[in-house]
Amino acid sequence: MVLSHGGEPWRSTGPVERRTRERGPDTAPDGGSREAGRAAARRADRRAARITGGAQELDRRLRDLLRGGLAAADGPEYGLWEETAARMVDAQAPGLAHRVRELGSVAGSGTGWPARLLEGCALLHLLDSAWLGLDRLPGPLAATVRSRVGLTTSAEGPAVRDDWLVLAQYDTPDGRIVTRRIWLHGRESGRIALLLSYGAPGRAPAQALPVGTVIDAEVTTYPGGGRLRAELGERFGEPAAATAPPPGGTTADALTAYGHALRDDPWLDAWPVTLCDVVPAPSGDGWQLVGAADGSALPVAPAALSRPGLWKLVALSGGSPLTVFGECGHRGFDPLAAWRPDSSDDVGARAAVALV
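The structure displayed is predicted, hence computed values, not measured ones. (Residues numbered from 1 in each chain as written. Predicted model: local features only at pLDDT ≥ 70, side-chain atom pairs only at ≥ 80, totals over all residues. Heavy atoms only, no water.)

## As for the overall build of the protein
So, point 1. When helices and strands are counted, the protein shows nine helices and 13 strands.
So, point 2. Here the protein holds 356 residues, and the buried ones make up 39% of them.
So, point 3. Sequence separation of 24 or more characterises 56% of the internal contacts of the protein that already satisfy a separation of 6 or more.
So, point 4. Surface exposure of the protein reaches about 18900 Å², of which carbon and sulfur atoms provide 53%. (Helix = DSSP H or I, 4+ residues; strand = E, 2+ residues; numbered from the N terminus. Buried < 20%, exposed > 50% of the residue type's maximum accessible area, 1.4 Å probe, protein only. Contact = heavy atoms within 4.5 Å. Areas by Shrake-Rupley, 256 points an atom, 1.4 Å probe, with all protein chains shown as cover.)

In structure tokens, the structure reads:
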């Protein structure tokens, strides 16, 4: 029997086909997925609109703060930070909320806090302005802004299979959850990858990799942020002990790498680097890593000065040059792992020593 729908004839050959036709275009086998895609797009548009409203409100509040003067932010009754952070949570922009709370911890935090607060306000203003002008940004920078604001994305692109050296693993509290960071270095690709995992309140993240081991695995990167963040895919075989540290450079190379990374992500606090032939040495009230070849130096970040890992690093060196992996940023260099100054091929002698 030949029927007509919308002026186009079609033929029914049995009850199954008739039932399919009667459901209409939105409930056809592939119509469900199309409708789900449209629903997801509508939800994304609604969230983007809420974030835009939050960014506009944040911009007004930052302007009011600077107009009234930073000195007011030091008072115990000053409630801008938590209130504004809550508003950003309501706007579904957790990245903005996190940065607002960070600013709240800067006010009255010691000598020079007004300058640090002003710097933080400037970076936060840059981020909310970037969101409001997102359509004018190049693709990679737009992806970075989405990530910084708090929009989640999926790993994309081809998976890279390599022998990945586990450089460091450490946990940091992030509100009520715990964030675990694992740094990897690809032996053949030369790439650095960051794995992130999260633990519920009171529970450690499930993903764990022993520092100093090598895993044969596939890794897929996320967009934005210098394409550091990655997702661990299929693993092949068992982890093996590493026999050598990753290749590295000088302190000047580390600063150059961080500077280049800031072009892609102006909100980047630090960049992963490996320093070769450096010696830890005291410097005033702190410590620094001095290049054995050229005498150039990087200060050790304040966060590392109170950790036991600093003394492990000093003892490991014993005044001799060694290889150190860590994060280089505007606060200095945060050492995360080191390798003994030993040229032997013995695996134990060249094992990584975790500093966090």
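And the narrative resumes.
## Let's talk about the nonpolar core
Soluble globular proteins tend to pack their nonpolar side chains together in the buried interior.
So, point 1. In this structure, Trp183 and Phe333 are the most contacted members of the largest nonpolar core, which totals 37 residues.
So, point 2. Ranked by residue count, the leading element in this core is strand 12 (residues 332-339), at five residues.
So, point 3. Ile51, Ala85, Ala93 and Leu117 belong to the second-largest nonpolar core, a separate cluster that totals 30 residues. (Core = buried A, V, L, I, M, F, W, Y, C linked by side-chain atoms within 4.5 Å.)

## So, the sheet that holds strand 9 (residues 286-291)
So, point 1. Taken together, six strands build an open sheet; the order of strands is 10-9-8-11-12-13 and the sheet is antiparallel. The sheet terminates laterally at strand 10 (297-299) and strand 13 (352-354), the two strands that pair on one side only. On average, each strand axis in the sheet is tilted by 50° relative to the strand beside it, whichever way the strands run.
So, point 2. The pairing of strand 8 (residues 270-283) with strand 11 (residues 322-329) spans seven bridges and is classified as antiparallel. Within the sheet, the bridge partner assigned to Thr274 lies in strand 11 and is Phe325.
So, point 3. Here helix 7 (residues 251-264) sits on the sheet and contacts strand 8, strand 9, strand 10 and strand 11; the angle it forms with strand 8, its principal contact strand, is near 145°. (Pairing = 2+ DSSP bridges. Axes fitted to C-alpha atoms, helices over the stretch in contact; angles between N-to-C directions.)

## A few points about the pattern of salt bridges
So, point 1. Evaluated as defined, the whole model comprises 13 salt bridges.
So, point 2. Note that Arg61 and Glu83 form a salt bridge whose closest N and O atoms lie 3.2 Å from each other. Taken as a pair, Arg61 in helix 2 (residues 31-68) and Glu83 in helix 3 (residues 80-90) lie far apart in primary sequence, 22 residues in all.
So, point 3. Take Arg61: its relative accessible area is 18%, and that puts it in the buried class. (Salt bridge = Lys/Arg side-chain N within 4 Å of Asp/Glu carboxyl O.)

## Observations concerning the sheet that holds strand 7 (residues 229-241)
So, point 1. The five strands are arranged 3-4-5-7-6 in a closed barrel whose pairing can be described as mixed. Across the sheet, the mean angle from the axis of one strand to that of its neighbour is 45°, orientation sign disregarded.
So, point 2. Where strand 6 (residues 213-221) meets strand 7, seven bridges bridge the pair, whose relative direction is antiparallel. Directly across from Val214, in strand 7, lies its bridge partner Ala240.

## A look at the packing of aromatic side chains
So, point 1. Applying the stated criterion to the full structure yields two aromatic pairs.
So, point 2. Measuring from ring centre to ring centre gives 6.3 Å for Trp183 and Phe325, while their planes differ by 65°; the resulting arrangement is edge-to-face. Here Trp183 is found in strand 4 (residues 177-186), whereas its partner Phe325 is found in strand 11, with 142 residues between them in sequence. The two residues Trp183 and Phe325 agree in class, both being buried.
So, point 3. Seen in terms of ring centroids, Trp287 and Trp311 are 5.5 Å apart; in terms of plane orientation they differ by 90°. Their pairing is edge-to-face. Residue Trp287 is located in strand 9, and its partner Trp311 is located in helix 9 (residues 308-317); the two are separated by 24 residues in the primary sequence.
So, point 4. By relative accessible area, Trp287 is classed as buried at 17%.
So, point 5. In this structure, Arg161 packs its charged tip against the face of Phe236, placed 3.7 Å from the ring centre. (Phe/Tyr/Trp six-rings, centres within 6.5 Å; stacked < 30°, edge-to-face > 60°. Lys NZ or Arg CZ within 6 Å of the ring centre and 35° of its normal.)

## Regarding helix 3
So, point 1. Taken as a whole, helix 3 has its buried residues at Leu80, Trp81, Thr84, Ala85 and Met88. One side of helix 3 carries all its buried residues, which in axial view fall inside an arc of 115°.
So, point 2. Backbone geometry just downstream of helix 3 places Gln92 in the positive-phi region, at approximately 60°. (Arc of directions from axis to C-beta.)

## Focus on the confidence of the model for the protein
So, point 1. Predicted confidence across the protein gives a mean pLDDT of 86, with 87% of residues reaching 70 or more.
So, point 2. Predicted confidence for residues 1-28 stays below pLDDT 50, and this span has 24 contacts to residues more than four positions away or in other chains. (pLDDT = per-residue confidence, 0-100.)

## A few points about unusual backbone geometry
So, point 1. Residue Gln92 is not a glycine yet carries a positive backbone phi of 60°.
So, point 2. Mapped onto the secondary structure, Gln92 falls in the loop between helix 3 and helix 4 (94-106).
So, point 3. Residue Gln92 is classed as partly exposed on the basis of its relative accessible area of 32%.
So, point 4. With phi around 55°, Asp277 is a residue other than glycine that occupies positive phi space.

## Thoughts on the pairing of strand 3 (residues 160-174)
So, point 1. Note that strand 3 and strand 6 share six bridges and pair antiparallel. Bridging across to strand 6, Trp164 finds its partner in Ile215.
So, point 2. Both strand 3 and strand 4 contribute to a ladder of 10 bridges, which runs antiparallel. What sits directly across from Pro173, in strand 4, is Val178.
So, point 3. Taking the residues that link successive antiparallel strands as the turn, the strand 3-strand 4 hairpin has two residues, and the phi of Gly175 there is positive, at about 70°.

## Considering the environment of Arg235
So, point 1. Within the fold, Arg235 resides in strand 7.
So, point 2. Sequence spacing of Arg235 and Asp216 is 19 residues, and the spatial spacing of their C-alpha atoms is 5.9 Å.
So, point 3. Not counting the four nearest positions on each side in its chain, Arg235 is found in contact with Leu209, Ile215, Asp216 and Ala217.

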